[in-house]
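Listed here are the chains, written in short residue letters.
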Amino acid sequence: MPEPLLDVRGVTLQYRTKDRLVTATYRVSFRVFQSDRFVILGPSGCGKSTLLKSVGGYLDPVEGEIRLGGEVIRKPGPDRVMVFQEFDQLLPWKTVKENVMFALTASRRLSGKAAEDRAMQYIEKVNLASFANSLPHTLSGGMKQRVAIARGMAMEPAILLMDEPFAALDALTRTKMQEELLQLWQDTRFTVLFVTHSIPEAVRIGNRILLLSPHPGQVKAELNSTGRDDLGNGAKLSQRIHDLLFGATQPENVHHD
Amino acid sequence: MTDQRAQAERPEFVSELQTDFGVVEKPLTTWEKVYNNPTVRKTALLAALAILWELYARKVDNPLLFPTFSATVAALWQGIASGVIPQRTFFSMKVLLQGYFAGLVLAGMLTALATATRIGTDLLETLSSMLNPLPAIALLPLAVLWFGLGNGSLIFVLIHAVLWAVALNTHAGFRSVSQTLRMVGRNYGLSGPRYVGLILIPAAFPQILTGLKIGWAFAWRTLIAAELVFGVSQGSGGLGWYIFENKNLLETANVFGGLFTVILIGLAVDNLIFRNIERKTVNKWGMQT
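Residues numbered from 1 in each chain as written. Chains lettered and ligands numbered in written order. Predicted model: local features only at pLDDT ≥ 70, side-chain atom pairs only at ≥ 80, totals over all residues.

**Here's the deal with the overall build of chain B**
On a plain count of helices and strands, chain B comes out with 13 helices and 0 strands. Written out in order from the N terminus, the α and β elements of chain B read α-α-α-α-α-α-α-α-α-α-α-α-α. Computed over its C-alpha atoms, the radius of gyration of chain B comes to 28 Å, more than 25% above the 19 Å expected for a compact globule of 289 residues. Projected onto its principal axes, the C-alpha coordinates of chain B cover approximately 100 × 60 × 30 Å. (Helix = DSSP H or I, 4+ residues; strand = E, 2+ residues; numbered from the N terminus. Rg over C-alpha atoms; globule rule 2.2 N^0.38 Å.)

**Re the sheet that holds strand S3 (residues 37–41) of chain A**
Residues and elements named next belong to chain A. Pairing in this open sheet of 6 strands is mixed, and the strands run S6-S7-S8-S3-S9-S10 from one edge to the other. The strands lining the two open edges of the sheet, one partner per strand, are strand S6 (80–83) and strand S10 (218–224). The sheet shows a mean angle of 20° between the axes of neighbouring strands, taken without regard to direction. (Pairing = 2+ DSSP bridges. Axes fitted to C-alpha atoms, helices over the stretch in contact; angles between N-to-C directions.)

**Some points on the interface of chain B and chain A**
Taken residue by residue, the interface counts 16 residues in chain B and 18 residues in chain A. At the level of secondary structure, the elements contributing two or more residues to the side of chain B that touches chain A comprise helix H9 (179–187) and helix H10 (192–203) of chain B. Top element by residues in the side of chain B that touches chain A is H9 of chain B. It accounts for 6 residues. Taken together, the residues that form the side of chain B that touches chain A break down as 9 nonpolar, 5 polar and 2 charged. (Contact = placed C-beta atoms within 7 Å. Nonpolar A, V, L, I, M, F, W, Y, C, P; charged D, E, K, R; others polar.)

**Side note on the pairing of strand S4 (residues 63–68) of chain A**
All names here are of chain A. Pairing geometry for strand S1 (residues 6–16) and S4, over 5 bridges, is antiparallel. Bridging across to S4, Thr12 finds its partner in Glu63. For S4 and strand S5 (residues 71–72), the ladder comprises 2 bridges, and the chain directions are antiparallel. Considered in S5, the bridge of Arg67 is made with Val72. Where S4 hands over to S5, the hairpin turn is made up of 2 residues, of which Gly69 adopts a positive phi near 55°.

**Some words on the packing of helix H3 (residues 112–125) of chain A against helix H4 (residues 141–154) of chain A**
Residue and element names in this part refer to chain A. Axis separation between H3 and H4 bottoms out at 9 Å; the angle between their running directions is 135°. Here H3 lies oblique to H4, going by the angle between them. Where H3 crosses over H4, the handedness of that crossing is right-handed. Where H3 approaches H4, its residues Arg118, Ala119, Tyr122, Ile123 and Lys125 are matched on the opposing element by Ala150, Met153 and Ala154. Its residues assigned to classes, the contact of H3 with H4 comprises 6 nonpolar, no polar and 2 charged. (Parallel < 35°, antiparallel > 145°, perpendicular 65-115°, else oblique. Left-handed = near helix turned anticlockwise from the far one by under 90°.)

**Things to note about the domain arrangement of chain B**
Along its sequence, chain B is organised into domain 1 (30–61) and domain 2 (71–283). Centre-to-centre, using C-alpha coordinates, domain 1 of chain B lies 31 Å away from domain 2 of chain B. (Domains from an automatic or database assignment.)

**Topic: the environment of Thr23 of chain A**
All names here are of chain A. Turning to its location among the elements, Thr23 is positioned in strand S2 (residues 21–32). By the C-beta count within 10 Å, which is 15 here, Thr23 ends up partly exposed. When the C-alpha positions of Thr23 and Val62 are compared, they lie 9.8 Å apart, and in sequence the two are 39 residues distant. Residues within four places of Thr23 in sequence aside, it is in contact with Thr12, Gln14 and Pro216. (Buried ≥ 20, exposed ≤ 12 C-beta atoms within 10 Å, placed from the backbone.)

**Section: the sheet that holds S4 of chain A**
Within a sheet, neighbouring strands are paired by backbone hydrogen bonds and run either parallel or antiparallel to one another. Residue and element names in this part refer to chain A. One open sheet accounts for 4 strands, arranged S2-S1-S4-S5; its pairing is antiparallel. At either margin of the open sheet sits one strand with a lone partner, and together these are S2 and S5. Strand contacts of helix H1 (residues 48–56): S1, S2 and S4, with the helix running at about 115° to S1, the strand carrying the most contacts.

**Things to note about the nonpolar core**
Core analysis: the largest hydrophobic core is formed by 125 residues, its most contacted members being Ala150, Leu161 and Leu193 of chain A together with Val157, Leu158, Val162 and Ala219 of chain B. Residue contributions to this core peak at 15 residues, all from helix H8 (residues 151–175) of chain B. The residues contacting Leu161 of chain A, other than those within four sequence positions of it, are Leu52, Val55, Gly56, Arg80, Val81, Met82, Val83 and Leu193 of chain A. (Core = buried A, V, L, I, M, F, W, Y, C linked by C-beta atoms within 7 Å.)

**Re the pairing of strand S7 (residues 159–163) of chain A**
Residue and element names in this part refer to chain A. Counting buried positions over the 5 residues of S7 gives 5, a clear majority of the element. The side-chain alternation of S7 yields two buried faces, one formed by Ile159, Leu161 and Asp163 and the other by Leu160 and Met162. For the segment spanning S7, helix H5 (residues 171–188) and strand S8 (residues 192–196), crossover handedness is right-handed. (Right-handed = clockwise from strand over helix to strand, strands pointing away.)

**Focus on unusual backbone geometry**
Residue and element names in this part refer to chain A. Following His215, the chain continues into Pro216 via a peptide bond in cis, with omega recorded as -15°. With respect to the element layout, Pro216 can be found in the loop between strand S9 (208–213) and S10. Backbone geometry places Asn127, a non-glycine residue, at a positive phi of 60°. The phi torsion at Glu156 lies on the positive side, around 45°, for a residue other than glycine. Position of Glu156 relative to the elements: it lies in the loop between H4 and S7. The exposure class assigned to Glu156 is partly exposed, which follows from the 16 C-beta atoms found within 10 Å.

**Considerations on H9 of chain B**
The complete set of buried residues in H9 of chain B reads Leu181, Val184, Gly185 and Asn187 of chain B. Looking straight down H9 of chain B, one finds that the buried residues subtend no more than 160° of arc, so they occupy a single side. Packing partners of the buried residues in H9 of chain B comprise H1 and S6 of chain A together with H10 of chain B. Downstream of H9 of chain B by a residue or two, Gly189 of chain B has a phi angle that is positive, lying close to 80°. (Arc of directions from axis to C-beta.)

**Section: the confidence of the model for chain A**
Detail in the predicted coordinates should be disregarded across regions flagged by low pLDDT. Summarising the model, chain A shows a mean pLDDT of 85, and 96% of its residues fall at 70 or more. Looking at the elements of chain A, mean pLDDT is at its lowest for helix H7 (residues 237–246) of chain A, recorded as 79, and at its highest for S8 of chain A, recorded as 92. (pLDDT = per-residue confidence, 0-100.)

**Section: the confidence of the model for chain B**
Averaged over all residues, the pLDDT of chain B equals 87, while 95% of them reach at least 70. For this predicted complex, the interface score ipTM comes out at 0.85, alongside a pTM of 0.80.

**Focus: the packing of helix H12 (residues 239–248) of chain B against helix H13 (residues 252–283) of chain B**
Residues and elements named next belong to chain B. Relative to each other, H12 and H13 sit at 165°, their axes nearing to 8 Å. Taken together, H12 and H13 sit at an angle that is classed as roughly antiparallel. For the element pair H12 and H13, the recorded crossing hand is left-handed. Contacts between H12 and H13 pair Leu239, Tyr242, Ile243, Asn246 and Lys247 from the former with Asn254, Val255, Gly258, Leu259, Thr261 and Val262 from the latter. Classifying every residue of the contact of H12 with H13 by side-chain character gives 6 nonpolar, 4 polar and 1 charged.

Here it is as structure tokens:
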């Protein structure tokens with residue numbers, strides 16, 4: 001077994017709201033290896049987004065530790081780029097190309113022509129070359145998310161953190177974006193930690209799926225996925241996940257998104 | 001059963017699309033285009049008001065109380081041609097810009113403090129809620145005591161007029177920057193002044209611009225009012241002093257000319273400077289329509 005890229009060990013996360021202290025996750029452990037498409041799946045309230053923010057360095061664990069390449073994560077940094085669900089993650093005063101270049105120059109990775117070339121290379125990868133000089137407010141939701149993904153990938157981070165990046169898109173666009181993401185992964189084999197509440201999305205995107213139970217989030221199971229919702233004996237992976245999360249009931253209230 | 005019946009009652013069909021309809025697109029008539037232009041409509045309104053003024057003033061026929069529009073325009077033209085109005089305007093603008101930019105610098109410092117520390121936020125909120133409702137002109141007697149009759153007093157009241165509006169708006173703008181954008185900024189390793197310059201200021205620019213506009217309007221009004229109050233004892237005065245002086249000489253047309261100049265400068269700054277900044281920034285970025 002090689003060394004894991006990301007090692008999350010017994011992490012308990014808490015955050016304060018105005019009148020209470022909320023435990024988001026309780027002693028969660030998992031390990032992500034190079035080129036994994038690691039999906040964290042769970043219902044609302046399982047702390048999956050909080051967990052991702054903690055990997056991003058925005059929130060310190062109250063117990064346990066998170067190591068990336070052996071180093072403990074203490075603050076946000078350009079080696080872990082976040083892609084958010086919200087469309088306003090793009091800077092509205094910069095064009096598509098400038099948004100991608102901004103990531104490279106702000107983090108002092110590249111500057112000038114080198115930054116521009118790298119930016120265009122990744123904008124072409126997400127098929128937005130003809131919109132390179134458009135401002136974000138003129139783009140559709142799916143295009144904005146593609147820019148955010150290009151911006152994240154252009155940084156060539158150790159790990160890409162995606163927080164339900166397709167949740168605010170319509171069903172057709174979402175399916176297309178999932179295909180595109182898998183295609184990009186085929187090209188570059190980046191490591192991605194992907195948070196979602198949708199079972200079909202987890203099954204399609206992930207090669208490894210971590211199931212979290214809610215209130216507070218605890219590890220329920222860790223499963224492999226081939227991307228083809230099929231366990232070989234006629235059973236479906238999505239059904240198995242559903243049973244694990246909600247108990248063995250009829251799949252009438254599965255999230256179909 | 002019901003399905004079959006419904007199918008019998010509602011047969012399916014596919015229809016051919018027509019191609020010979022009348023108008024798809026038709027250019028508007030010249031009159032419609034002209035009327036759709038807001039500048040044309042507003043100019044027409046102004047012309048109508050000027051005609052009403054002229055007619056009423058001729059009926060009153062008392063140039064001391066109410067000069068005609070044409071006499072006012074003539075007085076304004078003469079004032080400009082003789083160089084008196086440009087010189088007074090220059091004097092007013094010089095003081096105004098000094099006060100305005102001093103106010104901006106102080107507002108920037110106060111906002112920086114408020115953004116960096118919680119006690120700074122409290123300071124800004126307390127001071128601005130106390131001092132913002134206080135008309136700048138009410139501080140003039142105090143300013144005269146402290147700084148004497150001169151530009152020092154004028155600049156003091158101008159700073160008061162600008163500072164709170166700009167600081168409050170900038171601070172509110174910073175606070176309304178979305179959590180996502182803040183996280184994006186920190187993700188790429190931005191902190192301190194780079195974070196403020198590259199994320200907070202552009203993201204809060206709509207509110208900052210509003211603050212700059214309000215501050216400008218306050219400053220301009222305050223200056224004219226302050227000059228009216230004590231411009232009298234100054235050797236050379238600005239536009240407010242020009243208005244006051246001509247009132248004393250009963251040159252009412254010149255008083256109107258001075259007021260006209262004040263209005264024109266206010267309009268010019270708003271429409272030429274601020275409107276253009278708006279168009280090139282927040283409008284273009286889709287942050288404000």
